[in-house]
Amino acid sequence: MYCGQCGKQIDEDSRFCRFCGATQSLLAAEPPLATETDDEQLAEHSWAPPPKKSDGNGKTLGIIAAIVLAIIAIASLGEPGTSPASNGTAVSDMLADNMEMQADNMDAMADATSTTPTADGSASKADTWSYTTDEDKVRGGKSYFATTTSTNTVHQDPPYDSDTTMRLTVRRMPSSGTDVVLTISSGQMMCPSYEGCSGTVRFDNGPARRITFNGPADSSSDTIFVIGAKSFIGNLKKAKKVIIEKTLYEAGNPQFEFDVSGLKWEH
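Residues numbered from 1 in each chain as written. Predicted model: local features only at pLDDT ≥ 70, side-chain atom pairs only at ≥ 80, totals over all residues. Heavy atoms only, no water.

Draft legend 1. How the structure looks around the overall build of the chain. Helix and strand content of the chain: four helices and 13 strands. In the chain, which comprises 267 residues, the share counted as buried stands at 25%. If you take every contact in the chain between residues at least 6 apart in sequence, the share linking residues at least 24 apart comes to 43%. For the chain, the accessible area works out to roughly 18,800 Å², and carbon and sulfur atoms hold 54% of it. (Helix = DSSP H or I, 4+ residues; strand = E, 2+ residues; numbered from the N terminus. Buried < 20%, exposed > 50% of the residue type's maximum accessible area, 1.4 Å probe, protein only. Contact = heavy atoms within 4.5 Å. Areas by Shrake-Rupley, 256 points an atom, 1.4 Å probe, with all protein chains shown as cover.)

Draft legend 2. Here's a closer look at the state of the cysteines. A complete count under the given rule lists one disulfide for this structure. Across the disulfide, C191 is cross-linked to C197 (sulfur-sulfur distance 2.1 Å). Classification of the bridge connecting C191 and C197 rests on its S-S torsion, roughly -100°, and on that basis the disulfide is left-handed. Grouping residues by exposure puts C191 and C197 together as buried. Between C6, a cysteine without a disulfide, and C20, which holds the nearest cysteine sulfur, the sulfur-to-sulfur distance is 3.7 Å. For C6, a relative accessible area of 30% gives the class partly exposed. No disulfide involves C20; its sulfur sits 3.5 Å from the nearest other cysteine sulfur, which is in C3. A relative accessible area of 39% means that C20 is categorised as partly exposed. (Disulfide = S-S within 2.5 Å.)

Draft legend 3. Molecular detail of unusual backbone geometry. Following P158, the chain continues to P159 via a peptide bond in cis, the omega torsion being 15°. Despite not being glycine, M190 shows a phi value in the positive range, around 50°. Within the fold, M190 resides in the loop between β8 (177-184) and β9 (197-203). Even without glycine at this site, E250 takes up a positive phi of about 55°. Examined against the element boundaries, E250 turns out to sit in the loop between β12 (241-245) and β13 (255-259). E250 sits in the exposed class, given a relative accessible area of 69%.

Keep in mind that these numbers describe shape and distance, not what the molecule does.
Rendered as structure tokens:
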């Protein structure tokens, strides 16, 4: 039989347990349930807790909870006594103001690069004219020049350069007065000074007009002078675009285009 106190197996006719000394009764005839102190019974049953099932959703929820707590902690930073919600709103407003400021700075930079400041501080389109002054030390007085170059090029076969431009110069000199001079970078305009030549000009969207030229006294073939310079300059000052057509030796009748807007000429 088994001891009713400690559960150890003892002789059937024992009145006392030889292990714990407890007095035995009839209840000790049946074997007791296994207890935590009964190492042999625990070894027989080999009891272990069932394995836990993995819960992926639980891990995800934990991560989300951690992120939310972190956001709340960041938003709660601020002046003492303010609530997390008000501090979070302040952070959002600060970020929005910063982004708006950056956008304004980029717009200002774009405006600054698209215009050119003038002498009075205002902004205007980049000037296509270049201005120079030269002092005439022999006759006295000064010479004034305003020059612009054609916006297009004309192809010519060898021996001339493949890309030919035309330069338009308005000048006033003590020795010769006011002139409009046309000069090509290569080629020949074939306009002798003793008989002159002609061409065609158009100001903006106006009609095409016949224009006459005169050659230089040194008979050079790359330069010609506009006859009626003052009238031509008056039209230049009102126009934005000019097209001049002039015959070139073995190059046909090419047309040279000029951006003449903003001419400043008071001489």
